[in-house]
Amino acid sequence: MVLLQLDPFLNELTSMFEKSKEKGSVWVTLKRSSLKSKLQKRKLSAAGQSIEYKCLIRATDAKKTISTSVGAKDHQRFQASYATILKAHMTALKKRERKDRKKTTEADKKESTSTTTKPKKL
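In this text, all values refer to a predicted model and were calculated from it rather than measured experimentally. (Residues numbered from 1 in each chain as written. Predicted model: local features only at pLDDT ≥ 70, side-chain atom pairs only at ≥ 80, totals over all residues. Heavy atoms only, no water.)

What exactly am I supposed to notice about the sheet that holds strand S3 (residues 54-60) here?
Paired through their backbone hydrogen bonds, the strands of a sheet run either parallel or antiparallel. Within the open sheet, the four strands sit side by side as S1-S4-S3-S2. Their pairing is mixed. Two strands lie at the open edges of the sheet, namely strand S1 (2-4) and strand S2 (27-33), each paired on one side alone. Within this sheet the neighbouring strands show an average axis-to-axis angle of 25°, counted without direction. Sheet topology places S1 next to strand S4 (residues 65-70); three bridges connect them, and they run parallel. (Pairing = 2+ DSSP bridges. Helix = DSSP H or I, 4+ residues; strand = E, 2+ residues; numbered from the N terminus. Axes fitted to C-alpha atoms, helices over the stretch in contact; angles between N-to-C directions.)

So this is what it looks like as structure tokens:
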């Protein structure tokens, strides 16, 4: 696993999506991490210092795995770029077929009212 900077990570992620366009999948995971061992965390907490957490992002296409770490400062910029990449490469998703509930319920009501009403005597 290679820990990349933000821009190279986004470029590699784009190429992963393009390679798997016809066949294959890309898995992206996000995890809160401090990138420090338990011993280092204990020392920092004993000293009274706060631990700065980052977002660890991993992407894999079963052949190659890449990762990056995003801090609070770069989060907005990364999120915007990541959303753009996802919107551009999720074209192969199929839309769900939905039945229009209003049309079916209105048709059922019309059928039931026309058969159950009795003609009035004049």
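Where do I start with the pattern of salt bridges in this structure?
Oppositely charged side chains are able to pair whenever their charged atoms sit close together. In this structure the tally under the stated criterion is two salt bridges. One salt bridge connects arginine 77 with aspartate 7, and the closest N-O pair in it is separated by 3.3 Å. Remark: aspartate 7 occurs in helix H1 (residues 6-19) and arginine 77 occurs in helix H3 (residues 75-89); sequence separation between them is 70 residues. (Salt bridge = Lys/Arg side-chain N within 4 Å of Asp/Glu carboxyl O.)

Would you mind going over the packing of H1 against H3 with me for this structure?
In helix packing, the relevant descriptors are the interaxial angle and the interaxial distance, both defined with respect to the helix axes. In contact at an axis separation of 10 Å, H1 and H3 are set at 10° when each is read in the N-to-C sense. Classed by the angle they form, the pair H1 and H3 counts as roughly parallel. Only Arg77, Phe78, Ser81, Tyr82, Ile85, Leu86 and His89 of H3 make contact with H1, whose side of the interface consists of Leu6, Asp7, Phe9, Leu10, Leu13, Thr14, Phe17 and Glu18. When its residues are assigned to classes, the contact of H1 with H3 shows nine nonpolar, three polar and three charged. (Parallel < 35°, antiparallel > 145°, perpendicular 65-115°, else oblique. Contact = heavy atoms within 4.5 Å. Nonpolar A, V, L, I, M, F, W, Y, C, P; charged D, E, K, R; others polar.)

Mind showing me how you'd approach H3 here?
Think of an α-helix as 3.6 residues a turn; residues three or four steps apart then line up on the same face. With 15 residues, H3 should reach 21 Å at 1.5 Å per residue; the first-to-last C-alpha distance of 21 Å fits that figure. Here H3 has its buried residues at Phe78, Tyr82, Ile85, Leu86 and His89. Down the axis of H3, the smallest arc covering the buried residues is 95°, so these residues share one side. Of the exposed residues in H3, the ones pointing more than 90 degrees away from its buried face are Gln76, Thr84 and Lys87. Check the buried side of H3 and you find it contacts H1, S2, S3 and S4. (Expected span 1.5 Å × (residues − 1). Buried < 20%, exposed > 50% of the residue type's maximum accessible area, 1.4 Å probe, protein only. Arc of directions from axis to C-beta.)

I tried to follow the packing of aromatic side chains on my own but got confused; where do I start?
Where two aromatic rings form a pair, the distance of their centres and the angle of their planes describe that pair. By the definition in use, this model includes two aromatic pairs. Ring centres of phenylalanine 78 and tyrosine 82 lie 5.9 Å apart, and the angle between their planes is 10°; on these two criteria the pair is classed as stacked. Of the two residues, phenylalanine 78 and tyrosine 82 are both situated in helix H3; the distance of four residues between them amounts to about one turn of the helix. Accessibility classification places phenylalanine 78 together with tyrosine 82 in one group, the buried group. An aromatic cluster of three or more residues is present, and its members are Phe9, Phe78 and Tyr82. Here arginine 32 stacks its cationic end above the ring of tyrosine 53, 3.9 Å away from the centre of that ring. (Phe/Tyr/Trp six-rings, centres within 6.5 Å; stacked < 30°, edge-to-face > 60°. Lys NZ or Arg CZ within 6 Å of the ring centre and 35° of its normal.)

How should the nonpolar core be read in this particular structure?
Here is a general trend for soluble globular proteins: nonpolar side chains tend to be buried in one another's company. Residues Phe9, Leu13, Phe17, Ala59 and Phe78 are the most contacted members of the largest nonpolar core, which totals 15 residues. Only H1, S3, S4 and H3 provide two or more residues apiece to this core. The biggest single contributor to this core is H1, with six residues. Contact partners of phenylalanine 17, with chain neighbours within four places excluded, come to Val26, Ile85, Leu86 and His89. (Core = buried A, V, L, I, M, F, W, Y, C linked by side-chain atoms within 4.5 Å.)

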